[in-house]
Amino acid sequence: MADGTPRPRAVLGDAVWGVRAYGFIVAMWVRSTMAYRASFAMMLAANFATTFLDFAAIMIMFSQVDALGGFTLPEVAFLYGTSCVAFGLSDLLLGTAERVGRRVRDGTMDVLLTRPVPVLSQLAADRFALRRLGRIIQGSLVLGWAVLRLDLDWTPGRVALLFSMVLSGAAIFGCVFVLGGAFQFWAQDASEVQNAFTYGGTTLLQYPPTVFGKELVRGVTFVVPLAFVNWLPALRLLGRDDPLGLPGGLDFASPAVALLCCAVTGLVWRAGLRAYRSTGS
Amino acid sequence: MSDGDGEFIDVRELTKTFTVRRKTGLLRRTATQVHAVDGISFALRRGEMVGFIGPNGAGKSTTIKMLTGILTPTDGSLRVAGVDPWQERTRLVRRIGVVFGQRTTLWWDLPLRDSYGLVRRMYRIPRARFEENLARCVELLELGDLLDVPVRQLSLGQRMRGDITAALLHDPDVLYLDEPTIGLDVVSKARVRRFLVALNAELGTTVLLTTHDLSDIEHLCKRVVVIDHGRLVYDGLLSGLHEVGRGERTLVVDLERELPPIEGIPGARTVRTEGPRQWLAFPASASAAPLVSQLAADYPLVDLSLREPAIEDVIARMYAG
């Protein structure tokens, strides 16, 4: 009983319990937000408006030029929309997982460890902010508009690729959030570094890859697999060649990359928590 | 499993060593080993209420964190209710309650009622049991009017009562209290103490509390465990601690006018004078009553107050002696 080595079934049980606990903590926050409906509606509108300014900047650019790196406005809108929805989903579901440093500093990480619920569930569900739906709604509208304007042949395969790319993208962004959180167990001021990846990453993905230098694009593809979120599958959907000339099969690799990311992230998170529990700060 | 009559909390040669890295140059860092807890052994029986005291930085919090499964020990063995805290954290935490005086375990923005609802689901407490426990705590800790107030709007004393309730809803066998009365006013303190005494007597909950306030211990615990510099320096009755540490209480006396230092009161000596105010020290084990009556008979008294010895002083004297 006390051998300390987790059995596979126990790990699975923990994961199921973790997701359930996440669910009821989130439900509590949503209910408490909904107690102030007017304030929630205003926050949602503000969130929508600020994220829409991003896209407005792109539209202003296109009022001066017809194409950006060879991409037309609907194509850019497609890139923007998919990235925005993917990021919005991960930000909504896991955005607070990065608050590790602050939790460690103010001592509330200890409180999380005294409860019979996985720490990550508690952390990610804490202060769940439904107003972040604003970004997802905004991204979906842009994406919808792009899909209507692009005049692509939406075969079932392509629709599936679109969904898998957005969901895998959300998972990969989510991993970056959790990894950023995990690194703060070792270095408590890492949240800035991580913002460069998440917020910086999403801004980068909203533009076509050819406007950036080749080296940068290569770095992004391999160092942070964020490109899988968007560029490779999107280029396939748009019928474009990828500037690095990677094998075509990689376009469909998003779900595999997302799964790999999740596995690595899980291990790093556990290592971080273990490090915290042995150092205490 | 057997955690009945034997040692309910069993700590043997518990050690925690931290590696502290300090910048010593532009790029150089030196690592030093800090022994926060250095080979402590003690045991608690089921239903005991024990004070765990020591000066700041003595290793109290580190020990509590190891007992609650937050920190992994560097060395030694540790058992709480038959469970190894650091290997089976999630199993252990269902059987313990923790109250940190310095920070709340509640959700800052949620009303107490919602916080308790979350606690119920996290610990999977059957609803009837939950309602019963909540009702009892609400009554004894007088929380009735506060259940719908967000935690951030509660006063320190109210919040502490809310925290204690949250820690008890799942019927823990052990309750750890880290500075439960810090910053509380006299009324709140008394209320919390009364509640803890009743809890221990009626439900047999084992309680380990750390505090800076020796009067907490006097009201609550017969036994104290004292640590300093990570080592156990005393484990026994509170009365014995005063003898070992030759603890002294101080009577602060306000006289009608400035007088020479008070003399001729048996068992007491004047340690300080300042205008009409004088400070008299006497052994903590002695009663203040005969002293006060003799003072009142011999001197023109205006006012007086009694100060308990500070734990730091008692421990400092234990070392000096």
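This text gives an overview of the structure that appears in the document. On a predicted model such as this, the values are computed, not experimentally measured, just so you know. (Residues numbered from 1 in each chain as written. Chains lettered and ligands numbered in written order. Predicted model: local features only at pLDDT ≥ 70, side-chain atom pairs only at ≥ 80, totals over all residues. Heavy atoms only, no water.)

Examining the environment of Phe62 of chain A
Residues and elements named next belong to chain A. So the rule is basically this: Here a strand is any run of E in DSSP of at least two residues, a helix any run of H or I of at least four, and the numbering for each starts at the N terminus. Type-normalised accessible area, obtained with a 1.4 Å probe on protein chains alone, sets the label of each residue: buried when under 20%, exposed when over 50%, and partly exposed for intermediate values. What makes two residues a contact is simply this: any of their non-hydrogen atoms within 4.5 Å.
By the secondary structure assignment, Phe62 is in helix H2 (residues 37-64). Residue classification places Phe62 among the buried positions, given a relative accessible area of 11%. Contact partners of Phe62, with chain neighbours within four places excluded, come to Ala67, Leu68, Phe71, Thr72, Leu73 and Val76.

Digging into the sheet that holds strand E9 (residues 231-237) of chain B
Strands belonging to one sheet form pairs held by backbone hydrogen bonds; the direction of such a pair is parallel or antiparallel. Residue and element names in this part refer to chain B. What counts, and what does not: Strand pairing follows a simple DSSP-based rule, namely that at least 2 bridges must link the two strands. Interaxial angle, 0 to 180 degrees, is taken between N-to-C directions of lines fitted to C-alpha atoms, where a helix line uses only the stretch in contact.
Ordered in space as E5-E6-E7-E3-E8-E9, the six strands form an open sheet in which the pairing is mixed. Only two strands of the sheet have a single neighbouring strand rather than two, namely strand E5 (96-100) and E9. Neighbouring strand axes in the sheet, compared pairwise and without regard to direction, differ in orientation by 15° on average. Two elements, strand E8 (residues 223-228) and E9, share six bridges in a ladder whose sense is antiparallel. Residue pairing in the sheet places Val226 in a bridge with Tyr234 of E9.

Side note on the pairing of strand E12 (residues 277-283) of chain B
Most of E12 of chain B sits out of view: five of its seven residues are buried. Linking strand E11 (residues 269-274) of chain B to E12 of chain B, which pair antiparallel, is a turn of two residues; within it Gly275 of chain B sits at a positive phi near 60°.

A look at the sheet that holds strand E10 (residues 248-255) of chain B
Residue and element names in this part refer to chain B. The four strands are arranged E11-E12-E10-E13 in an open sheet whose pairing can be described as antiparallel. Each end of this open sheet is capped by a strand with a single partner; those strands are E11 and strand E13 (301-307). Recorded for the sheet is a direction-independent mean angle of 20° between the axes of neighbouring strands. Direction of pairing for E11 relative to E12: antiparallel, over a ladder of five bridges. By the bridge assignment, Thr270 is partnered in E12 with Leu280. Those strands touched by helix H9 (residues 289-298) are E10, E12 and E13, and its axis lies near 20° from that of E10.

Brief notes about H2 of chain A
Working note: α-helix, 3.6 residues per turn, so residues spaced by three or four point in the same direction. Residues and elements named next belong to chain A. Cut-off, in case you're wondering: Multiply 1.5 Å by the residue count of a helix minus one, and that product is the helix's expected span. Note that the bend at a residue is defined as the angle between axes fitted to the seven residues ending at it and the seven residues starting at it.
The end-to-end C-alpha distance of H2 is 41 Å, a good match for the 40 Å that 28 residues give at a rise of 1.5 Å each. Of all the bends in H2, the greatest measures close to 30° and is centred on Asp54. Within the span of H2, buried status applies to Phe40, Asn47, Thr51, Phe55, Ala56, Ile58 and Phe62.

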